[in-house]
Amino acid sequence: MKNMVPTFCYNRRSIKSLKKGKKRRIPLNLLIIGVITISSIFLLSTIYSSSNFLQDNFRITQAPSLPSLEHQRGDQLIKAVSTVFEKKEDNISPAKPSKNIQQNLKVEESQLTYTEPTQKKGAPGSKSIIAYAISITSCPVNKTTVFDGPAILGHSIHQNSIQHNGSRSKYDYSLYAFVHPQAVECSHGLELLGYEILVRDIPFDIGKIQSESYKQEIELNGCCGSSEFLKLWAYTLTNHDIVVHTDTDVMVLQPMDNLFDAMLDESGNLSTYSIPTMGGKPLPPKIDFVFTRDYLQGSRMTKDAKKFGVQGGFYVVRPNREVFHDLNKEILKGNYERGSGWGKKKYGGFWGSAQIQGFLSYFYGEIQPQNTVELNRCIYNTMVDDPPMNNGKCRTGEETCEDCRETPLSDMITVHMTTCWKPWHCPLVKPPHPPRCKEVHRAWFDFRKSLELSWGYDIPKEGWYFERTLGYCTKKGGVKKRYYVGLQMPNATVKP
């Protein structure tokens, strides 16, 4: 007898099964009942298994009387939560916090202590110690964002500081990582890279936001919801004169001494400094906030370039706890609406408008507009992007748009790898990616190689597109299957 493969089809009333040459009909209503029954059994078994897992592995305890989390002002306190999950064997919390940060499950008490940054002594001859900070808001599936990005960023900072013999810089540096409580578990390795970990929650109580609609918008818009406001803690590093906050996909290609010199100059006349500002605008008498704008994104609400978003991947501040308090106070007003932006003045209509990118644009455009400097977007925090045009006109408000794709690598000071993609994605770098991205990626992999040499590691001798990736990308089984060779963490604290 011939072997026949069962096949299934269905019409309005039945499913036909071909088996042993005979047609058999299963009523559709019986099939539906069967599917529902099986699904219910599976769901109940899953719930039962999860319940047993929690009972076997965790115990719910009442947290001790945790200290209040001081937000740099004695009159602004956030109370610690009252419940934590403790894992029986190691007393470490694996629990995921809920979106309401003020009521979620936290890590153990020792990790919630808001310690002050360590006071450090600069290298001999240094003018000042510049703080460089990153924020880790959650634990990603791929650890590359948590370790490889910060490792290369930190090494690029080191190479362009007074601590590196080949650098012309007169400034020392310190590395900080603001780590959200839900990201503590995956961030411990940053200490091996020279970062001082500062566990911080978002700096305000979401429950006290005066607008119910903004309580929702703050979580829905942007990359990280309310957690992105972790970046505001940069204003509290008052043990430093200047703080540079960047994303982890940024690298520093040249010293920023000229900018730092201007920010530290108290003479009230900064006309002698040659700082590449947007549109060649003159410097104010004093500089407190330095940024770039995301012109490529623009806004759906307005053509007024001054209301476009601040690019949240890079900004430089003069730390000030009073300003920190003012920022948080303004957020709690909840003065944001999806249709009209911040302050109903059209600061919005773009990605991240309800978080850092929109809020800082509004705050420094309307609340404290003085002492701010917008840097040239092709030199600082360059994304190597095309001219921001809209119906043939430049979105920047200038007569002609500068094309950042044509900016030589030698002119770039800091690079933000967005348009070019991340080097650890091992992209092909073909249109629409600008050809300059190949040079940017090569520079990133050069820093990777230099870092590993300083650790005494063996360096790859071959790999996929070796002239660009230096062996840190491999190819297996076809063009689309490319693999990034992740950084192996050192066993002891080393200099970046």
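Everything below is about the structure printed above this text.
Residues numbered from 1 in each chain as written. Predicted model: local features only at pLDDT ≥ 70, side-chain atom pairs only at ≥ 80, totals over all residues. Heavy atoms only, no water.

K.L.:
How should the side chain of Q368 be read in this particular structure?
P.N.:
Along the chain, Q368 turns up in the loop between α7 (356-367) and β17 (372-374). Residue Q368 is classed as buried on the basis of its relative accessible area of 19%. When near neighbours in sequence (up to four residues on either side) are disregarded, Q368 contacts V323, D326 and F363. (Helix = DSSP H or I, 4+ residues; strand = E, 2+ residues; numbered from the N terminus. Buried < 20%, exposed > 50% of the residue type's maximum accessible area, 1.4 Å probe, protein only. Contact = heavy atoms within 4.5 Å.)

K.L.:
Any chance you could explain the pairing of strand β14 (residues 310-317) here in plain terms?
P.N.:
Across a regular strand the side chains alternate sides, sitting on one face of the sheet and then on the other. By the criterion of burial, β14 is predominantly enclosed, with eight of the eight residues buried. Across four bridges, strand β13 (residues 289-293) lies against β14 in antiparallel orientation. Among the inter-strand pairings, F291 is bridged to a residue of β14, identified as Y315. (Pairing = 2+ DSSP bridges.)

K.L.:
Is there a simple way to explain the packing of aromatic side chains in this structure?
P.N.:
The description of two aromatic rings rests on the distance between their centres and on the angle between their planes. Under the definition given, this model contains 23 aromatic pairs. Between F359 and F363, the aromatic rings sit 5.9 Å apart at their centres with planes inclined by 40 degrees, giving tilted as the arrangement. With a gap of four residues between them, F359 and F363 both fall in helix α7, about one helical turn apart. When sorted by exposure, F359 lands in the same class as F363, which is buried. When the ring centre of W233 is taken as reference, the NZ or CZ atom of R200 above it lies at 5.2 Å. Just above the ring of Y465 sits the side chain of R468; from NZ or CZ to the centre is 5.3 Å. (Phe/Tyr/Trp six-rings, centres within 6.5 Å; stacked < 30°, edge-to-face > 60°. Lys NZ or Arg CZ within 6 Å of the ring centre and 35° of its normal.)

K.L.:
Can you walk me through the pattern of salt bridges in this structure?
P.N.:
Proximity of charged atoms lets side chains of opposite charge pair with each other. Taken as a whole, this structure holds 17 salt bridges when the rule is applied. When the shortest N-O distance is used, the salt bridge between R318 and D288 registers 2.8 Å. Here D288 lies in the loop between α5 (257-264) and β13 and R318 lies in the loop between β14 and α6 (321-332), a separation of 30 residues in the sequence. The network of salt bridges with common partners includes E228, K231 and D247. (Salt bridge = Lys/Arg side-chain N within 4 Å of Asp/Glu carboxyl O.)

K.L.:
So what exactly am I meant to see when it comes to the sheet that holds strand β9 (residues 172-179) here?
P.N.:
Within a sheet, neighbouring strands are paired by backbone hydrogen bonds and run either parallel or antiparallel to one another. As summarised here, the arrangement of the seven strands in space is β10-β9-β8-β11-β14-β13-β17, forming an open sheet in which the pairing is mixed. Each of the sheet's edge strands pairs with one partner strand only, and the pair in question is β10 (195-199) and β17. Put simply, the sheet's adjacent strands are angled 25 degrees from each other on average, direction ignored. Sheet analysis places strand β8 (residues 129-136) next to strand β11 (residues 243-246), joined by three bridges and oriented parallel. Bridging from a neighbouring strand, A131 pairs with V243 of β11. Packed onto the sheet, helix α3 (residues 148-159) meets β8, β9, β10 and β11 and runs at close to 160 degrees relative to β9. Sitting on the sheet, α7 is in contact with β13, β14 and β17, with an inclination near 50 degrees to β14. (Axes fitted to C-alpha atoms, helices over the stretch in contact; angles between N-to-C directions.)

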